[in-house]
Amino acid sequence: MTSLKREIDTLHELEQLTAELRAQIDDTKNAVGLEEHDDSLMKLQLENTKLKHRLAVLQNALEVEKNTQGGSAAVKPFVPAIIPEQINEMISISDHLLDLFTNAIAKAYPQLAGTSAIISPVNSNAAKFGDYQCNSAMSLSKTLKASGVNKSPRDIAQEVLKQCQVSPVVEKMEVAGAGFINVFLKKTYAIEALANMLCTGVKAPHIKRQRILVDFSSPNIAKEMHVGHLRSTIIGESISRLLEFMGHDVLRVNHLGDWGTQFGMLIAHLEDRFPNFLSESPPISDLQAFYKESKKRFDEDEEFKKRAYNRVVQLQSGEPNSTKAWKLICDVSRREFQKIYDRLDVHLTEKGESFYQSRMVEVVKYLKSKNLLEFDEGRQIMWATAEKDSIPLTIVKSDGGFTYDTSDMAAIRYRIEEEKAEWIIYVVDAGQNTHLKNIYLAAERCGIMDPQKHRADHVQFGVVLGEDGKKFKTRSGDTVKLSDLLDEGLKRSLEKLLEKERDKVLTPEELKAAQESVAYGCIKYADLSHNRTNEYVFSFDKMLEDRGNTAVYLLYAYTRICSISRNSGEDFSDLSKVLQTCKLELDHEKEWKLAKTLLKFPDMLVKISKDLLLHLLCEYCYEVCTVFSEFYDSCYCIEKNKEGKIVKVNRSRILLCEATAAVLKNCFNILGLKPVAKI
């Protein structure tokens, strides 16, 4: 305890000395007119903050030790708030304030230590209430009242505010209304954070790196990809991009349907209808037709059914002809899938159902060794929980074959034990919710998955509807093929560009790039901008509008923002060099509003990486563009005379334009949009 007291006394002296030095710098600043963001002052402020932070930690340790030695109930130690090492680092402000106020609550009311603060951003149009709010006082008042302590939310807020550490991010905090604590951000922090971003690039906030496996797309061999695969493919790709940007080690897996009875049916049918089946495979459209024919024969012809089952057995045992025919079918399908993935800029590693064949045998042995398999009418089943309160998994069929349950158990075991995945994400439609929930529970029950070490999420989504509000179909009632949908997107986007006479100002190469950017971008964005848990109506007319929250509006806005520096007549190619002679200024209210909107990017990344709802990022992109539009309408960047000659360039504002473009570009990359220089 003596050493703790000694260190605290030393820190008190250092803090007092720092305050005296700061007062001297303030006097000098007033005398010579130094700017508020003077580097020496900022460094001193940061050091002072660090000293106070260290002092708070030591005082808490001393308090805990005193209570422990005195025999009274020990005070719960608080976790120190995250103080950024560099004041110019873009951080998740929400997380920073969460730590700041959670610790303040623990200091103000030790009996409530561990209670997380409630932090929410304030609408950008309500700046008088600050930029963020701590709304914990109301709930804390109820908690204290239940324990016999009567305190008003406003009094609690005042006490919490007294215990808040100084933050390099915060200009001021004040209690308002019934007990809200309004937080106002510091302009000097915003200036340095944005300048640093312009020099070093847009970076994600620091997180604990994980190995994450994302299972998405998953079409079936011998069938063409259709609109039903659209959402899984687009959502899964964007989630992978998001987590990669955050710094995680991401494995992208395509769990192809490439095994099972259907291949015995198809091969047996090809023997009769496609004599060259051992040297070539029919094209994908013919394969799908052959598949439908084989299914009909399988259901109606007992002799054919026996032949099909025999082919399945041969295939599973590795018989050369069956294996060769199967591989040819798979290769044709893969090539067609890859064409779709190339067009959508999707990247996947294939590990289909066939990959897990040997592992299914092993997982059955494993479950038997745990005494978790039961016989039920010839089947071997497993209950997901000991209470047997759900649908059992069929691990081995009565004929000795395996099922989707078997392959999914083998897959999750492989992913955790061999791929070493800590977090597994299944991007699959909502109809599979019960099945996947049972797989997760069964994996926990048998010891494959440890909930303390592993996480498994079902990222479910609703179906795509046509403009009639029914499941999206062609006019003839068939499922819409994904290749046809993309072709239609290209056709519609070109029509839109020609309508705006863009062919008169763009080269043929630029027009083609713009066409693809708009076509594929609008299809992706229309999907991602809706809450994935809901159904949505697919409408080319709406998604190609250049107003509102659409990909077209965002792409046009981004291109315009990027053109501002090009049209200035000055060189902004090396922003680090520009910042040596020009500093960002945020004096106008619209400049400050735009800067604060850009600073929310790390908050957005952290939030989305937790719940994997990408429509929030789409809403953020739209907010950035609308706030930028307000800024651009109110704040000139380039001033011209009547003859159109540039007479003045506001370099600070052009730097703010470049910061906006940098944030949007990274958002677009996560969403899979490809902006073009000219559109």
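Residues numbered from 1 in each chain as written. Predicted model: local features only at pLDDT ≥ 70, side-chain atom pairs only at ≥ 80, totals over all residues. Heavy atoms only, no water.

Caption draft 1: Examining the overall build of the protein more closely. A tally of helices and strands in the protein yields 23 helices and 16 strands. Looking at the protein as a whole, 52% of its 679 residues are labelled buried. Sequence separation of at least 24 residues holds for 72% of the intrachain contacts in the protein that already meet a minimum separation of 6. Counting every atom, the protein has about 32,300 Å² of accessible surface; 49% of that belongs to carbon and sulfur. (Helix = DSSP H or I, 4+ residues; strand = E, 2+ residues; numbered from the N terminus. Buried < 20%, exposed > 50% of the residue type's maximum accessible area, 1.4 Å probe, protein only. Contact = heavy atoms within 4.5 Å. Areas by Shrake-Rupley, 256 points an atom, 1.4 Å probe, with all protein chains shown as cover.)

Caption draft 2: Structural detail: the nonpolar core. Counting 170 residues, the largest nonpolar core has Phe101, Ile239, Ile425 and Phe538 as its most contacted members. Setting aside its immediate chain neighbours within four residues, phenylalanine 101 contacts Ala117, Ile119, Cys134, Val160, Cys164, Met173, Ile181 and Val183. Counting residues in hydrophobic clusters, the runner-up holds 34 residues, among them Leu251, Met382, Val396 and Ile424. (Core = buried A, V, L, I, M, F, W, Y, C linked by side-chain atoms within 4.5 Å.)

Caption draft 3: Representation of the sheet that holds strand β11 (residues 423-427). What the 5 strands build is an open sheet, ordered β7-β6-β5-β11-β12; its pairing is parallel. Edge positions in the open sheet fall to β7 (349-350) and β12 (455-459), since each of these has one partner strand only. Summarising the sheet, strand β5 (residues 211-215) and strand β6 (residues 249-254) pair through 5 bridges and their orientation is parallel. Bridging across to β6, aspartate 215 finds its partner in valine 253. Together, β5, β6 and β11 form the strand contacts of helix α13 (residues 404-418), whose direction differs from that of β11 by roughly 145 degrees. The strands touched by helix α14 (residues 433-445) are β11 and β12; relative to β12, the strand with the most contacts, the crossing angle is about 175 degrees. (Pairing = 2+ DSSP bridges. Axes fitted to C-alpha atoms, helices over the stretch in contact; angles between N-to-C directions.)

Caption draft 4: The sheet that holds strand β9 (residues 379-382), seen in detail. Strand order in the open sheet formed by 3 strands is β8-β9-β10, with antiparallel pairing between adjacent strands. Each edge of the sheet is formed by a strand with only one pairing partner; in this case those strands are β8 (374-376) and β10 (393-396). The mean inter-strand angle of the sheet, taken between neighbouring strand axes irrespective of direction, is 50 degrees. Bridge count for β9 against β10 is 3 bridges, and the pairing is antiparallel. Opposite isoleucine 381, over in β10, you have threonine 394 as the bridge partner.

Caption draft 5: Representation of the packing of helix α6 (residues 187-200) against helix α20 (residues 589-599). One can describe the packing of α6 onto α20 by two numbers: an axis separation of 10 Å at closest approach and a directional angle of 65 degrees. In the packing of α6 onto α20, the handedness of the crossing is left-handed. Residue-level contacts link Lys187, Tyr189, Ala190, Ala193 and Leu194 of α6 to Trp592, Ala595, Leu598 and Leu599 of α20. For the contact of α6 with α20, the class distribution of residues is 8 nonpolar, no polar and 1 charged. (Left-handed = near helix turned anticlockwise from the far one by under 90°. Nonpolar A, V, L, I, M, F, W, Y, C, P; charged D, E, K, R; others polar.)

Caption draft 6: Spotlight on the side chain of serine 609. Along the chain, the position of serine 609 falls in helix α21 (residues 601-611). For serine 609, a relative accessible area of 12% gives the class buried. Within the structure, serine 609 has its side chain in polar contact with the backbone oxygen of valine 606 (distance 2.8 Å). Once residues within four sequence positions are removed from consideration, serine 609 is found in contact with Leu242, Leu243, Met246 and Trp423. (Polar contact = N/O pair within 3.5 Å; in protein donor to acceptor, adjacent residues only side chain to side chain.)

Caption draft 7: A look at the environment of cysteine 522. With respect to the helices and strands, cysteine 522 occurs in helix α16 (residues 508-528). It is 9.5 Å that separates the C-alpha atoms of cysteine 522 and lysine 542, two residues lying 20 residues apart in sequence. When near neighbours in sequence (up to four residues on either side) are disregarded, cysteine 522 contacts Ser517, Met543, Leu544 and Ala551.

Caption draft 8: A look at the environment of alanine 195. With respect to the helices, strands and loops of the structure, alanine 195 is situated in helix α6. Through-space distance from the C-alpha of alanine 195 to that of leucine 579 is 7.4 Å; in sequence the pair is 384 residues apart. What alanine 195 contacts, discounting residues up to four positions off in sequence, is Leu579 and Leu584.

Caption draft 9: Main features of the packing of α13 against α14. Following both chains from N to C, one finds α13 and α14 inclined at 50 degrees, their axes separated by 10 Å at the closest point. Our classification of the angle between α13 and α14 gives oblique. Where α13 crosses over α14, the handedness of that crossing is right-handed. Residues Asp405, Asp408, Met409 and Ile412 of α13 pack against His435, Ile439, Tyr440, Ala442 and Ala443 of α14. Per-class residue counts for the contact of α13 with α14 are 6 nonpolar, 1 polar and 2 charged. (Parallel < 35°, antiparallel > 145°, perpendicular 65-115°, else oblique.)

Caption draft 10: Up close: the pattern of salt bridges. Counted under the stated rule, the structure contains 46 salt bridges. Three or more residues are tied together by salt bridges with common partners; here these are Glu237, Arg241, Glu244, Arg252, Asp345 and Lys674. (Salt bridge = Lys/Arg side-chain N within 4 Å of Asp/Glu carboxyl O.)

Caption draft 11: Layout of the packing of aromatic side chains. As enumerated under the stated definition, the model contains 15 aromatic pairs in all. Note on phenylalanine 538 and phenylalanine 540: the rings are 5.0 Å apart at their centroids and 90 degrees apart in plane angle, and the pair reads as edge-to-face. Residue classification places phenylalanine 538 among the buried residues on the basis of a relative accessible area of 3%. Geometrically, the ring pair formed by tyrosine 553 and tyrosine 622 is edge-to-face, given 5.8 Å between the ring centres and 70 degrees between the ring planes. Within this pair, whereas tyrosine 553 is found in helix α18 (residues 551-566), its partner tyrosine 622 is found in helix α22 (residues 615-634), the two being separated by 69 residues in sequence. Since its relative accessible area comes to 15%, tyrosine 553 is described here as buried. By way of ring pairs, the aromatic residues Phe245, Phe601 and Tyr620 are connected into one cluster. Looking at lysine 305, its charged tip hangs above the ring of phenylalanine 298, at a distance of 5.2 Å from the centre. One cation-aromatic arrangement involves arginine 653 over tyrosine 636; the distance from NZ or CZ to the ring centre is 5.3 Å. (Phe/Tyr/Trp six-rings, centres within 6.5 Å; stacked < 30°, edge-to-face > 60°. Lys NZ or Arg CZ within 6 Å of the ring centre and 35° of its normal.)

Caption draft 12: How the structure looks around the confidence of the model for the protein. Predicted confidence across the protein gives a mean pLDDT of 88, with 87% of residues reaching 70 or more. Under a pLDDT of 50 for its full length, residues 28-39 has, in the predicted model, 12 contacts with residues more than four places off or in other chains. This model gives residues 64-82 a pLDDT under 50, and the stretch forms 32 contacts once residues within four places in sequence are excluded. (pLDDT = per-residue confidence, 0-100.)

Caption draft 13: Helix α12 (residues 357-369), seen in detail. Helix length check: α12, at 13 residues, gives a terminal C-alpha distance of 19 Å against a target of 18 Å (1.5 Å per residue), a fit within 8%. When we look at burial in α12, the residues that qualify are Gln357, Met360, Val363, Val364, Tyr366 and Leu367. Relative to the axis of α12, the buried residues are bounded by an arc of 160 degrees and lie together on one face. The inward-facing, buried residues of α12 abut β9, β10 and α13. (Expected span 1.5 Å × (residues − 1). Arc of directions from axis to C-beta.)

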